[in-house]
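Read off the chains here:
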Protein chains: 2
Amino acid sequence: MSEQSSDGSSDFCPRFHHAIELIGKRWTGAVLRALLRGPRRFNELLGAIPDLSDRLLAERLRELEGEEIVSRHVDPGPPVRVAYELTASGKELETALTCVGQWAERWVAPPKRKRTA
Amino acid sequence: MSEQSSDGSSDFCPRFHHAIELIGKRWTGAVLRALLRGPRRFNELLGAIPDLSDRLLAERLRELEGEEIVSRHVDPGPPVRVAYELTASGKELETALTCVGQWAERWVAPPKRKRTA
DNA sequence: CGGGATCCGAAAGGATACTG
DNA sequence: CAGTATCCTTTCGGATCCCG
């Protein structure tokens, strides 16, 4: 009675909550966005995302591996090279991330540059 | 050269980053989702979202007001009633949030109940 | 190169009490 | 009802050092 959720949907959805807080976590969204464009190596991601530290990148990457959104591929050469790429579920995030990106271009796009920096 | 971003898009987008970390912040996604279904009063939101404290709800709501995604309406009665609702930009988040929700239903949906605990 | 382990200050978040 | 203020615990995140 007090709630009008009688239409079938509810105000709160655990799965949605898990998903949004997963991809919205500190640097995760940026990492996922970079990976949407193809596999990337650790240092490529590090270089592509401003202010992201190596420790945090490793941490986020491990979390994403745990959620099976990202997979890790090791190329043993003398110089070890590790590439990260989206799994099937990760790739399916593209639609959602693109929607967020479109909204961002329309609404947060404003010249909010923090100077020339 | 070293990057194949010559196709026009780049690995990092400040606006996207701002947006994803905004809506993905701790409880923000859940609050927005609840508000998509119509205006809600403070305590309604508080009751709808498990484990969310009043302090945090107030904080998130103020952040969203600052971003002009949510607007506040005060109904002065003897019992003060405050309702929150999405602004134009907030309503346009529906598409993005719905996409996230659809992904969640397919991938995180699994009966990941934390048991009876 | 691609991380893991540790240390420590900063920030987020919960609990409680109080106010209009 | 709808918050605010304070306290105090937990987590986050940066710096540094080390390893395969």
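Residues numbered from 1 in each chain as written. Chains lettered and ligands numbered in written order. Predicted model: local features only at pLDDT ≥ 70, side-chain atom pairs only at ≥ 80, totals over all residues. Heavy atoms only, no water.

1. Here's the deal with the relation of the copies chain B and chain A
Logical step 1: Superposition of chain B onto chain A requires a rotation of 180° combined with a translation of 0.0 Å along the rotation axis, giving an RMSD of 0.0 Å. Viewed as a symmetry operation, the transformation between the two copies matches a two-fold axis. For chain B, the smallest separation between a C-alpha atom and the rotation axis is recorded for G24(B), amounting to 1.9 Å.
Logical step 2: Of the interface residues in chain B, 100% have counterparts in chain A that sit at the interface too, so the contact is made through matching surfaces. (Least-squares fit on C-alpha atoms with pLDDT ≥ 70 in both. Contact = heavy atoms within 4.5 Å.)

2. Some words on the protein's contact with DNA strand D
Logical step 1: Near DNA strand D you find 18 residues, and of these R26(A), R55(A), R62(B), R72(B) and Y84(B) are the closest.
Logical step 2: Here, DNA strand D places atoms within 4 Å of the protein, and 70% of those atoms are sugar or phosphate.
Logical step 3: Between DNA strand D and N43(B) there is a distance of 3.0 Å, counted from a phosphate oxygen to a backbone nitrogen or oxygen.
Logical step 4: Contributing elements (two or more residues each) for the surface near DNA strand D: α4 (54-66) of chain A together with α3 (42-48), α4 (54-66) and β3 (81-86) of chain B.
Logical step 5: Among the elements that line the surface near DNA strand D, the one with the most residues is α4(B), at four residues.
Logical step 6: Of the residues assigned to the surface near DNA strand D, the class counts are six nonpolar, two polar and 10 charged. (Near = heavy atom within 4 Å. Polar contact = N/O pair within 3.5 Å; in protein donor to acceptor, adjacent residues only side chain to side chain. Helix = DSSP H or I, 4+ residues; strand = E, 2+ residues; numbered from the N terminus. Nonpolar A, V, L, I, M, F, W, Y, C, P; charged D, E, K, R; others polar.)

3. Some thoughts on the packing of helix α6 (residues 93-107) of chain A against helix α1 (residues 14-23) of chain B
Between two packed helices, both the angle of their axes relative to each other and the distance between the axes serve to describe the pair.
Logical step 1: Put simply, α6(A) and α1(B) touch, their axes get as near as 8 Å, and they point 110° apart. The angle between α6(A) and α1(B) places the two elements in the roughly perpendicular class. As α6(A) runs across α1(B), the sense of the crossing is right-handed. Packed against α6(A), whose contacting residues are L97(A), V100(A), G101(A), W103(A), A104(A) and E105(A), the element α1(B) presents R15(B), F16(B), A19(B), I20(B) and I23(B) at the interface.
Logical step 2: Class assignment of the residues belonging to the contact of α6(A) with α1(B) gives a composition of eight nonpolar, one polar and two charged. (Axes fitted to C-alpha atoms, helices over the stretch in contact; angles between N-to-C directions. Parallel < 35°, antiparallel > 145°, perpendicular 65-115°, else oblique. Left-handed = near helix turned anticlockwise from the far one by under 90°.)

4. A word on helix α2 (residues 28-36) of chain A
An α-helical segment advances 3.6 residues per turn. Residues three or four places apart therefore align on the same side.
Residues and elements named next belong to chain A.
Logical step 1: When you tally the buried positions in α2, you get eight out of nine residues, the bulk of the element.
Logical step 2: What α2 keeps buried is the set T28, G29, A30, V31, L32, R33, A34 and L35.
Logical step 3: G38 sits one or two positions beyond α2 and adopts a positive phi of about 125°. (Buried < 20%, exposed > 50% of the residue type's maximum accessible area, 1.4 Å probe, protein only.)

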